[in-house]
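Analysis of the macromolecular model
Read off the chains here:
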Amino acid sequence: MKIAMVGSGYVGLVSGACFADFGHDVVCIDKDQSKIDRLHEGIMPIYEPGLAELVGSNVKAGRLTFTTSLAEGIEGADAIFIAVGTPSRRGDGHADLSFVYAVAKEIGENLANDAVVVTKSTVPVGTGDEVERILKDSGTSHKFSVVSNPEFLREGAAIGDFKRPDRIVIGAEDDFGREVMREVYRPLFLNESPILFTGRRTSELIKYAANAFLATKITFINEMADLCEKVGADVQDVSRGIGMDNRIGSKFLHAGPGYGGSCFPKDTLALLKTAEDYDSPTRIVEAVVKVNDTRKRAMGRKVLDALGGADAARGKKVALLGLTFKPNTDDMRDSPAIAVAQTLTDAGVKVEAYDPEGMELAKPLMPEVTMVEDPYAAIKDADVIAIVTEWDAFRALDLTRVKDLAKAPVLVDLRNIYRPEDVRAAGFEYSSIGRG
Ligand code: UDX
């Protein structure tokens, strides 16, 4: 199979490299010349464990190439994937589909053979219909089919998620689309990965429903955590206790500072907009979005409380450990750390922060925060140490050294990575999420 991947961002690059690793002949296309130049030199545009090695070995084997020319890249391709961004449109929260439609138009104008055009980008229900219309309007004489094939890749675990998926969802309206996609995913069929063939609109909705459900699960346990704090219960055990019920499942029940990242915030908003457009409100998701938004600043206030309240906090110092929306990524999009830092600096608190990968992208988002090169530099003379992202590096802090360096041994753990009894035994004042 020859595969063209239009858009070499996070999803496009990971998917392209994995398809090449399956043995397909893959061309990754991107308009950004400097990105393509760097990829030719083996430099990845994003931080994702294992990606550089996977790209390197497939380039070496001659199965993976890069180009800025869409016309060249799609020539001879059996499947052309659209994996460009669909950010939230400024102002109204709708997914911005201008990149997807521009690519569809360019594909139509340059199609040189029969091909299946696949939307991999997360797109609202009905986008496939519009892509089909754009391709038809281009007047191409070649046979084409438009298929929806959403991704379910977690940042930091994307390659594993691609190669050993919980399921593959393919929304196709004709046999041509279904047959080509069966070939594209043949290695996973052979692995017996579950695969769901469905209609295109259904497939588009599955992606949003999955992310909205996961966001709901997280938000639900976060509210239970707040209640635990009030009634003197332990949310870790509540999660275990309910998660052992197979109908509920144990994953995504980890209470924390609220979800962030490139998908959940944007996709829940876009789902609300679709629901509004079709006059079919999704009130649960509406509540989830609101609760999660307010939670992030509430986390900042939790740190202020540890400083003795907003009035006492002015002029004091907080060490923020972890800035990215989750570990093993440099992604800062909608990270709770942004709201936490803002709440603190608004209250006149001096904030020094450390993150293993995220500081470069964090700097412009939190200009009043000083970034330092290691966690202990941030901790020096701090009145409160706040863990915001659960990087492994923070699980094994040398607590004796922390206590010596800090002005006061006060730890606020927004990810519950420490056991209260251990930290208290080490002489710390400790607060965490939903533990009595
Ligand atoms: C998510 C989906 O998991 C993936 O299927 C989809 O395609 C893209 O969006 P990702 O954004 O990479 O992936 O992150 P994920 O690991 O799902 O975490 C999202 C957010 O939820 C993070 O901020 C994380 O800290 C938070 N989270 C997750 C919790 O607070 N508690 C949990 O139990 C799980």
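Residues numbered from 1 in each chain as written. Predicted model: local features only at pLDDT ≥ 70, side-chain atom pairs only at ≥ 80, totals over all residues.

What about helix H10 (residues 200-231)?
Which entries qualify depends on this criterion: The secondary structure listing takes helices from DSSP runs of H or I that are at least 4 residues long and strands from runs of E that are at least 2 residues long, numbered from the N terminus. Here a helix's expected span is defined as the number of its residues, less one, multiplied by 1.5 Å.
With 32 residues, H10 extends 47 Å between its outermost C-alpha atoms, agreeing within 8% with the 46 Å of an ideal straight helix rising 1.5 Å per residue. Within two residues after H10, Gly232 carries a phi angle of roughly 75°, on the positive side.

Observations concerning the nonpolar core
One recurring pattern in soluble globular proteins: nonpolar side chains tend to sit buried together. Put simply, the test is: Each nonpolar core consists of buried Ala, Val, Leu, Ile, Met, Phe, Trp, Tyr and Cys residues. Their C-beta atoms, within 7 Å, join them into a set. Three exposure classes are used, based on other C-beta atoms lying within 10 Å of a residue's own C-beta, which is placed from the backbone: buried for 20 or more, exposed for 12 or fewer, and partly exposed in between. Domain segmentation is taken from an automatic or database assignment of domains. A pair of residues counts as a contact when their C-beta atoms, built from backbone coordinates, are separated by no more than 7 Å.
Judged by nonpolar contacts, the single largest core of 72 residues is most densely connected at Ala4, Val6, Ala79, Ile80, Phe81, Ile82 and Val117. Per-domain counts for this core show at least three residues from each of domain 1 (2-198) and domain 2 (208-289). Ignoring sequence-local partners within four residues, the contact set of Phe81 consists of Ile3, Ala4, Met5, Val6, Ser15, Val118 and Lys120. In terms of nonpolar packing, the next biggest core, distinct from the first, is built from 54 residues, Leu323, Val340, Leu344 and Ile379 among them.

Some thoughts on the site of the ligand
The line we're drawing: The criterion for a residue being near a molecule or strand is a backbone-placed C-beta atom within 6 Å of that molecule or strand. Just so you know the grouping, Ala, Val, Leu, Ile, Met, Phe, Trp, Tyr, Cys and Pro go in nonpolar, Asp, Glu, Lys and Arg go in charged, and all remaining residues, Gly too, go in polar.
Inspection of the region around the ligand gives 20 residues, with Glu155, His254, Tyr259, Gly261 and Cys263 positioned closest. Broken down by element, the residue count for the shell around the ligand peaks at three residues, all from H10. Tallied by class, the residues present in the shell around the ligand amount to ten nonpolar, six polar and four charged. Shared between two domains, the shell around the ligand takes at least three residues from each, and those domains are domain 1 (2-198) and domain 2 (208-289).

What about the domain arrangement of the protein chain?
According to the domain assignment, the protein chain consists of domain 1 (2-198), domain 2 (208-289) and domain 3 (296-431). The interface of domain 1 with domain 3 comprises four residues on the first partner and seven residues on the second. Counted by class, the side of domain 1 that touches domain 3 contains two nonpolar, one polar and one charged residues.

Things to note about the UniProt feature "domain: UDP-glucose/GDP-mannose dehydrogenase C-terminal" (unreviewed entry) in the protein chain
Short version of the rule: UniProt positions are given in the numbering used here, feature names are shortened, and annotations may be inferred rather than shown by experiment.
The feature "domain: UDP-glucose/GDP-mannose dehydrogenase C-terminal" (unreviewed entry), as given by UniProt, occupies residues 319-420 in the numbering adopted here. Overall, residues 319-420 shows 27% helix and 18% strand. The separation of its end C-alpha atoms is 19 Å.

Some remarks on the sheet that holds strand E11 (residues 370-371)
Heads up, the condition is: Note on pairing: DSSP must find at least two bridges between two strands before they are called paired. Angular values range over 0 to 180 degrees, each being the angle between N-to-C directions of two axes fitted as lines to C-alpha atoms, with helices fitted over their stretch in contact.
One open sheet holds the six strands; their spatial order is E11-E10-E9-E12-E13-E14, and the pairing between them is parallel. Every other strand in the sheet has two partners, leaving E11 and strand E14 (429-431) as the edge strands with one partner each. Each of strand E9 (317-321), strand E12 (384-387), strand E13 (410-413) and E14 touches helix H13 (residues 283-306); the most contacted strand, E13, lies at about 165° to it. Here helix H15 (residues 336-346) sits on the sheet and contacts E9 and strand E10 (350-354); the angle it forms with E9, its principal contact strand, is near 175°.

Focus: the packing of helix H12 (residues 264-277) against H13
Test applied: Here a crossing is called left-handed whenever its near helix is offset anticlockwise from the far helix by less than a right angle, and right-handed whenever the offset is clockwise.
Interhelical geometry of H12 versus H13 gives an angle of 140° and a closest axis separation of 10 Å. The interaxial crossing formed by H12 with H13 has left-handed handedness. Along its contact with H12, which presents Thr268, Leu269, Leu271 and Leu272, the element H13 presents Val285, Glu286, Val288 and Val289.

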